[in-house]
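Remarks on the overall topology
Here is what each chain is made of, one letter per residue.
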Amino acid sequence: MPHIRIKALNVAYKTHIALKDVTVDIPDGQITAIIGPSGCGKSTLLKSINRLIDLTDGVQVSGSVLVDGADVYAADADLLSLRRKLGFLMQRPYPLPLSIYENVAFGTRIHDMDSAELNGRSLQLGLPSVVPRPDSRHARRFERARLVQRCLEMAGLWDEVKNRLKQSAHGLSIGQQQRLALARALAVGPTTILADEATSALDPISTKLVEQQLRTLKGPYTILMVTHILRQAKRLADYVLFMYMGELVEHGPAAKMFTVPDRAETRAYISGEIS
Amino acid sequence: MSIRRRHVVERLMQALMLCSLGLVLASVAAIIGVIVVRGAPALSWRMLVQPPQSGYYAGRGSGSGIANALVGSVYVAFGGTLLASLVSLPVACALQKQYLPGGVRRAITLMLDVLWGVPSVVTGAFCFIVMAHYGLRASLAGGICTIALVIMPVMVRAMAEAMSAAPAAMHEAACALGATRFGVTVRIVLRQTVPGLVTAVLLAFGRGIGDAASLLFTSGYSDFIPRSLSEPAASLPLAIFFQLNSPFPEVQRGAYAAALVLLLIVVVVTAGARACAARLGIHVVR
């Protein structure tokens, strides 16, 4: 069963209907791109998966989103552990008002991960196993430092920041901040990465770096990205969702969607007639 | 509008702004100038470390110490600011949109604004009635509580404003990692708003240390340095008030010296707090 299944999802902001009856399974271990013109509900779809739309006033949701089989809109849904499974990259990265090191460690602290958990997470990220030590402040600090380094390496940022981990994260360039956000998300152990136009505020070189990292992460991670840049979707996506006016018009493998889409709207968007 | 006219309007507006700025700066400079010119000659070390020997109205020369008022004011202002901070911070957090609906927030904000507009002598009288009801005498503790009540509204408002200016996206970023509302507030929002919170505390402190009317009934006045919370305590603003009422010019000069001391306390505290805020706020995202 796929990690993420969306069933009959409707979202409205007060009177404005943002999503109409969206049903789709997101394929595991691939990069799925959500494309479509501005205001078509791409970001809303993404944010309704980790329920970040809850932070918006006057939003109404019906339908269900299943993450690993559990409905995130169920009354007893455990939102905190749910969000842990879904790493999120925003359009404009926002470093937390902490040092670079503490930005990455933030998630491990809020989830109060003990040294066994931290060690387990490092193992998942491919670090060699170390003899587990009994949980203590010292052991946690040691395991956390290993994990932070590994996450920064996986986000492709370690070499640039290894000598200034204690400095403020807001001193990083915006491209570095986005990779820091990626490292921050990786630390808590997500299965999926949601990226909301994660490169739109970045310069071309940073964009390329972030794209590279996303490409290396797919496989173990399911990546769902919103983009309004068609070329980016073509470069990265294995699977494509095309949205238009709040509806999921068509979805399918990228090779088919970009060459022989079924629907006229998709053809028009891909050929550049509508944008 | 022609280009020429637009230039004229631009110049005119600039001139108006500079005029207002000049007016404000001139008033501030004049007040500070008078205090320094009249107060500095009367200021002496002896005055700072000695309580008055024979009351303010008649105390002359070496007898007109203000140690009682200086210590009393420091106790009352720091105590009141500390107490108000302990109450205001949670209230300011609760006033964030994550915790209370808009209507309730607006109602509470309105009440705080009204409370801020109440003359401090009224707050003092209210506290005095409460104290009288429980049979309490004018005391340092009464003064601290009264000052806390006087400065709490402005502190809450300034703190809440500072906190609501924290970027919503930062909130989202922390939430997306699985942080709770409370976790985001404490670990992220408070850190991000350290400079604003310090400003709020300083604003309130400045108001608290300068307030005379509310202390008149509550901390009272005494020629002695208070040794416990239940003893009455003098304060610099009241000392200034009493000294200015004296017919003797040298006693009046003592009032300016006391005002200068008050000014210096505020300057030192502000500079110290700003330095602390700069250290605490190094990670603030701008």
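Conventions used here
Residues numbered from 1 in each chain as written. Chains lettered and ligands numbered in written order. Predicted model: local features only at pLDDT ≥ 70, side-chain atom pairs only at ≥ 80, totals over all residues. Helix = DSSP H or I, 4+ residues; strand = E, 2+ residues; numbered from the N terminus. Buried ≥ 20, exposed ≤ 12 C-beta atoms within 10 Å, placed from the backbone. Contact = placed C-beta atoms within 7 Å. Core = buried A, V, L, I, M, F, W, Y, C linked by C-beta atoms within 7 Å. Pairing = 2+ DSSP bridges. Nonpolar A, V, L, I, M, F, W, Y, C, P; charged D, E, K, R; others polar. Domains from an automatic or database assignment. Axes fitted to C-alpha atoms, helices over the stretch in contact; angles between N-to-C directions. Parallel < 35°, antiparallel > 145°, perpendicular 65-115°, else oblique. Left-handed = near helix turned anticlockwise from the far one by under 90°. pLDDT = per-residue confidence, 0-100.

For chain A, the helix and strand inventory stands at eleven helices and ten strands. Seen through its C-alpha atoms, chain A measures out along the principal axes to roughly 60 × 45 × 35 Å. Counting across all 275 residues of chain A, residues that qualify as buried make up 45%. Here the contacts in chain A between residues at least 6 apart in sequence split such that 69% fall between residues at least 24 apart.

What chain B contains, in helices and strands, is twelve helices and zero strands. Dimensions of chain B along its principal axes, counting C-alpha atoms only, are 65 × 60 × 35 Å. Residues classed as buried in chain B amount to 40% of the 286 residues present. Of the contacts made within chain B by residues no fewer than 6 positions apart, 76% connect residues no fewer than 24 positions apart.

Looking now at the nonpolar core. When a protein is soluble and globular, its nonpolar side chains tend to lie buried together. Counting 144 residues, the largest nonpolar core has Ala183 of chain A together with Met155, Met159 and Ala258 of chain B as the members making the most contacts within it. Per element, the largest residue contribution to this core is 18 residues, and it comes from helix H6 (residues 140-164) of chain B. Setting aside chain neighbours within four positions, we find Met159 of chain B in contact with Ser88, Leu89, Ala92, Leu197 and Ala200 of chain B.

In summary, the side chains of a regular strand alternate between the two faces of the sheet. All names here are of chain A. Of all six residues in strand E9 (residues 239-244), five are buried; the element is thus mostly enclosed. When strand E3 (residues 31-35) meets E9, the two strands line up parallel, connected through four bridges. Bridge pairing in E9 links Thr32 to Tyr239. Strand direction decides the pairing type here: E9 and strand E10 (residues 247-253), joined by six bridges, are antiparallel. Each residue of the ladder has a partner; that of Met243, found in E10, is Leu248. The turn linking E9 back onto E10 is made up of two residues, and Met245 within it adopts a positive phi angle of 50 degrees.

Right, let's talk about the interface of chain B and chain A for a bit. The interface of chain B with chain A comprises 22 residues on the first partner and 26 residues on the second. Broken down by secondary-structure element, the contributors of at least two residues to the side of chain B that touches chain A are helix H7 (168-176) and helix H8 (181-192) of chain B. Looking at which element gives the most residues to the side of chain B that touches chain A, the answer is H7 of chain B, with eight residues. Partitioning the side of chain B that touches chain A into residue classes produces 13 nonpolar, six polar and three charged.

Our next topic: the domain arrangement of chain A. Residues and elements named next belong to chain A. Partitioning chain A into domains gives domain 1 (1-95 + 197-275) and domain 2 (96-171). Domain 1 and domain 2 are separated by 29 Å when their C-alpha centres are compared. The partner domain 2 presents seven residues to the five residues of domain 1 that form the contact. Across the side of domain 1 that touches domain 2, the residue classes break down as two nonpolar, two polar and one charged.

As a further point, take the packing of H6 of chain B against helix H9 (residues 194-209) of chain B. The relative placement of two packed helices comes down to the angle between their axes together with the axis-to-axis distance. Residues and elements named next belong to chain B. Look at H6 against H9: their axes get within 8 Å of each other, and the N-to-C directions meet at 155 degrees. Classified by the angle their axes make, H6 and H9 are roughly antiparallel. Relative to H9, the crossing made by H6 is right-handed. For the pair H6 and H9, the contacting residues are Ile147, Val150, Ile151, Val154, Met155, Ala158, Met159 and Ala162 in the first and Gly196, Leu197, Thr199, Ala200, Val201, Leu203, Ala204, Arg207 and Gly208 in the second.

Let us look at the pairing of strand E1 (residues 4-13) of chain A. Residues and elements named next belong to chain A. Two elements, E1 and strand E2 (residues 16-26), share seven bridges in a ladder whose sense is antiparallel. Looking at the pairing, Arg5 lines up with Asp25 of E2. As consecutive antiparallel partners, E1 and E2 are separated by two residues, and within that stretch Lys14 has a phi angle of approximately 50 degrees, a positive value. Pairing analysis gives eight bridges linking E1 to strand E4 (residues 59-67), with the strands arranged antiparallel.

Turning our eyes to something else, we now look at the environment of Leu100 of chain B. All names here are of chain B. Within the fold, Leu100 resides in the loop between helix H3 (67-94) and helix H4 (102-117). Separated by 69 residues in sequence, Leu100 and Ala169 have C-alpha atoms that sit 19 Å apart. Beyond its immediate sequence surroundings of up to four residues, Leu100 is in contact with Ala94, Leu95 and Arg105.

Here the focus is the confidence of the model for chain B. Taken over all residues, the pLDDT of chain B has a mean of 91, while the share at 70 or more is 97%. Per the prediction output, this complex has pTM 0.86; the corresponding ipTM is 0.87.

Once that is clear, we can look at the environment of Val198 of chain B. Residues and elements named next belong to chain B. By the element assignment, Val198 lies in helix H9. Along the chain, Val198 and Ala273 lie 75 residues apart, while their C-alpha atoms are 6.9 Å from each other. When neighbours within four sequence positions are excluded, Val198 is seen to be in contact with Ala273 and Ala277.

A few words now on the environment of Lys20 of chain A. All names here are of chain A. Mapped onto the elements of the fold, Lys20 is located in strand E2. Each C-alpha atom of the pair Lys20 and Glu197 lies 21 Å from the other, and the pair is 177 residues apart in sequence. Not counting residues up to four positions away in its chain, the partners in contact with Lys20 are Asn10, Gly246 and Glu247.

Turning to the packing of helix H4 (residues 115-124) of chain A against helix H5 (residues 137-154) of chain A, a few remarks are in order. All names here are of chain A. Two elements in contact, H4 and H5, have axes separated by 9 Å at closest approach and are oriented at 25 degrees. The orientation of H4 relative to H5 falls into the category roughly parallel. Remark: the crossing between H4 and H5 carries left-handed chirality. On the side of H4, the interface is formed by Ser115, Leu118, Asn119, Arg121 and Ser122, while H5 contributes Ala139, Arg140, Glu143, Arg144, Arg146, Leu147 and Arg150. Tallied by class, the residues present in the contact of H4 with H5 amount to three nonpolar, three polar and six charged.

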